[in-house]
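# Inside the fold
The chain contents come next:
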Amino acid sequence: MTTAQPQDLDVQPSPLALLLLGREADPRSERGVECPGDLPSPSDPDLVARARAAKEKLGDKVFVLGHHYQRDEVIQFADVTGDSFKLARDAAARPEAEYIVFCGVHFMAESADILTTDDQKVVLPDLAAGCSMADMATAEQVAECWDVLTEAGVAEQVVPVSYMNSSADIKAFTGKHGGTICTSSNARRALDWAFEQGEKVLFLPDQHLGRNTAVRDMGMSLEDCVVYNPHKPNGGLTAEELRAAKMILWRGHCSVHGRFSLDSVNDVRERIPGVNVLVHPECRHEVVAAADYVGSTEYIIKTLEAAPAGSKWAIGTELNLVRRLANRFASEGKEIVFLDKTVCFCSTMNRIDLPHLVWALESLAEGTLVNRIEVDKETEAFAKLALERMLALP
């Protein structure tokens, strides 16, 4: 018996296979990790003092934004903290700041660039701080999806709704096709608006937020939802399935929130009697259905602020935030634990560390603009249109 050799097989490796083998590159996802100049050592004991000095030297010229999922070492230098959209709006409200240093991930910095003035410059301390969810939907894939919907005869009935956790290209597609952006806190309002405009919704790129909002909040059934898989012909769906569906969910997810399981919920209830389970709507549907409370990052924070002393909480969201909240409310006797036993940081969010922040601030203080995030004008125009539709939601 002989074994066929690769050269004997008429098989052409896919672009993804070549990428995994290291024989090709993806310029859209490989945004670069090199810093021109010397990146400070993580063991430098003067990092905090250096960051403080550079920030003081810049004064009102710099405005530092810190996402809730950032490390404590970075958050301490943020002028404001919040979720992605709150921070983008905060940046737009500070037109006097020449530099917006966004301690978050790539799509967040893009949104800040879209909403700020042309004179302001948005800086991402590490260009490799991306978002796995946002990268699960490319402009080419979504354009192909729209062709599939057109061939099925349903495109005219479909309104795209894209989660804030998406690239500028996807936001622009949404704006160009009459859709809107949503956050985890206003997804219900965005979907209500969308169904007033059309009969179906294409929800990008997080299937779980779309499904949970439609089923849990709007009373739809799971059968009303189908999942479009961009890696399968026609998304893995028939024309009949597309015609019958109300929610066409993109096959994307958050790598952090997707790790929580029903077993996680059951286990924490056994370990901590009387615990309240509070999760983000990016979690899987069975996790959301088993939780006591479900809401956005801001909702999670406000719920814990209002919780009575001595109450017990298991939180299903990013670990940096959970630890920060546990420390914050410990003096009030609130027991706050991570929902899963497995440590679960957002790996890309954690790329923004103190050395990168120091490097960015010191470079700006010396007059050198680094790691600028700039969205091209056409993309910006359509993306801003979609964002403005969200801002106009009742």
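Quick caveat: nothing in here was measured; it's all calculated off a predicted structure.

## Here we look at the overall build of the protein chain
Regarding its fold elements, the protein chain presents 16 helices and 14 strands. At 22 Å, the protein chain has a C-alpha radius of gyration in line with the 21 Å of a compact globule built from 394 residues. Reported as C-alpha extents along the three principal axes, the dimensions of the protein chain are approximately 60 × 60 × 55 Å. Counting all 394 residues of the protein chain, 54% fall into the buried class. Long-range contacts, defined as pairs at least 24 residues apart, comprise 67% of the intrachain contacts of the protein chain with a sequence gap of at least 6. Accessible surface, the protein chain: about 17800 Å² in total, of which carbon and sulfur atoms supply 49%. Looking at charge distribution, the protein chain has the averaged site of its 40 positive side-chain charges lying 5 Å from that of its 59 negative ones.

## Considering the side chain of arginine 324
In this structure, arginine 324 sits in helix α14 (residues 319-329). In contact with arginine 324, not counting residues within four places along its chain, are His68, Gln70, Arg71, Asp72 and Ile75.

## A short note on the pairing of strand β5 (residues 158-163)
Side-chain positions along a regular strand alternate between the two faces of the sheet. Taken across its six residues, β5 has six buried, putting it largely inside the fold. Both faces of β5 are covered, namely the face carrying Val158, Pro160 and Ser162 and the face carrying Val159, Val161 and Tyr163. Judged from the five bridges that link them, β5 and strand β7 (residues 200-204) form a sheet pairing that is parallel. Its bridge partner being in β7, valine 159 is matched across the sheet by valine 201. Judged from the three bridges that link them, β5 and strand β6 (residues 180-182) form a sheet pairing that is parallel. Bridging across to β6, serine 162 finds its partner in isoleucine 181. Following the backbone out of β5, through helix α7 (residues 168-176) and into the adjacent parallel β6, one traces a crossover that is right-handed.

## Side note on the packing of aromatic side chains
Summed over all chains, the structure comprises four aromatic pairs. Measuring from ring centre to ring centre gives 5.6 Å for tryptophan 146 and phenylalanine 173, while their planes differ by 80 degrees; the resulting arrangement is edge-to-face. Of this pair, tryptophan 146 sits in helix α6 (residues 139-151) while phenylalanine 173 sits in helix α7, and the two are 27 residues apart along the sequence. Here tryptophan 146 matches phenylalanine 173 in class, with each residue buried. Ring plane angle 25 degrees and centroid distance 5.3 Å describe the contact between tyrosine 228 and tryptophan 250, whose orientation is recorded as stacked. With tyrosine 228 in strand β8 (residues 225-228) and tryptophan 250 in strand β9 (residues 247-250), the pair connects residues that are 22 residues apart, well separated along the chain. When the ring centre of phenylalanine 63 is taken as origin, the NZ or CZ atom of arginine 94, which lies over that ring, is 4.1 Å away. Cation over ring: lysine 176 sits above phenylalanine 382, and NZ or CZ is 4.9 Å from the ring centre.

## Side note on the packing of helix α13 (residues 297-306) against α14
Two elements in contact, α13 and α14, have axes separated by 11 Å at closest approach and are oriented at 20 degrees. When the axis of α13 is compared with that of α14, the two are roughly parallel. Seen along the crossing, α13 lies across α14 with a hand that is right-handed. Contacts between α13 and α14 involve Thr297, Ile300, Ile301, Leu304 and Glu305 from the former and Leu321, Leu325, Arg328 and Phe329 from the latter. Here the contact of α13 with α14 is built from residues that sort into six nonpolar, one polar and two charged.

## Observations regarding the environment of glutamate 362
Positionally, glutamate 362 belongs in helix α15 (residues 354-365). Separated by 39 residues in sequence, glutamate 362 and arginine 323 place their C-alpha atoms 29 Å apart. If sequence neighbours within four positions are ignored, glutamate 362 has contacts with Arg50 and Ala54.

## Some points on the sheet that holds strand β10 (residues 276-279)
One open sheet holds the four strands; their spatial order is β11-β10-β12-β13, and the pairing between them is parallel. The strands lining the two open edges of the sheet, one partner per strand, are β11 (293-294) and β13 (335-338). Relative to β13, strand β12 (residues 312-316) is paired through four bridges, and the arrangement is parallel. Directly across from lysine 312, in β13, lies its bridge partner glutamate 335.

## Examining the pattern of salt bridges
The full count for this structure, using the stated rule, is 19 salt bridges. A salt bridge links aspartate 44 to arginine 50, with the shortest nitrogen-to-oxygen separation between them at 2.7 Å. With relative accessibility at 26%, the residue arginine 50 sits in the partly exposed group. Put simply, glutamate 240 and arginine 243 hold a salt bridge, and the shortest N to O gap is 3.7 Å. Taken together, the positions of glutamate 240 and arginine 243, both in helix α10 (residues 239-244) and three residues apart, correspond to about one turn of that helix. Taking the relative accessible area as the measure of exposure, arginine 243 reaches 44% and is therefore partly exposed.

## Observations concerning α6
Residues separated by three or four positions in an α-helix point in the same direction, a consequence of the helix having 3.6 residues per turn. The terminal C-alpha atoms of α6 lie 19 Å apart, and with 13 residues this matches the ideal 18 Å at 1.5 Å per residue to within 8%. Of the positions making up α6, those classed as buried are Gln141, Val142, Cys145, Trp146, Val148 and Leu149. When α6 is viewed along its axis, its buried side chains cluster within an angular range of 155 degrees and face the same direction. On the buried face of α6, the contacting elements are β5, α7, β7, β8, α10 and β9. Remark: glycine 153 follows α6 within two positions and exhibits a positive phi of approximately 80 degrees.

Analysis parameters
Residues numbered from 1 in each chain as written. Predicted model: local features only at pLDDT ≥ 70, side-chain atom pairs only at ≥ 80, totals over all residues. Heavy atoms only, no water. Helix = DSSP H or I, 4+ residues; strand = E, 2+ residues; numbered from the N terminus. Rg over C-alpha atoms; globule rule 2.2 N^0.38 Å. Buried < 20%, exposed > 50% of the residue type's maximum accessible area, 1.4 Å probe, protein only. Contact = heavy atoms within 4.5 Å. Areas by Shrake-Rupley, 256 points an atom, 1.4 Å probe, with all protein chains shown as cover. Lys, Arg positive; Asp, Glu negative; His and termini not counted. Charge placed at Lys NZ, Arg CZ, Asp CG, Glu CD. Pairing = 2+ DSSP bridges. Right-handed = clockwise from strand over helix to strand, strands pointing away. Phe/Tyr/Trp six-rings, centres within 6.5 Å; stacked < 30°, edge-to-face > 60°. Lys NZ or Arg CZ within 6 Å of the ring centre and 35° of its normal. Axes fitted to C-alpha atoms, helices over the stretch in contact; angles between N-to-C directions. Parallel < 35°, antiparallel > 145°, perpendicular 65-115°, else oblique. Left-handed = near helix turned anticlockwise from the far one by under 90°. Nonpolar A, V, L, I, M, F, W, Y, C, P; charged D, E, K, R; others polar. Salt bridge = Lys/Arg side-chain N within 4 Å of Asp/Glu carboxyl O. Expected span 1.5 Å × (residues − 1). Arc of directions from axis to C-beta.

Geometric values such as these leave the question of function open.
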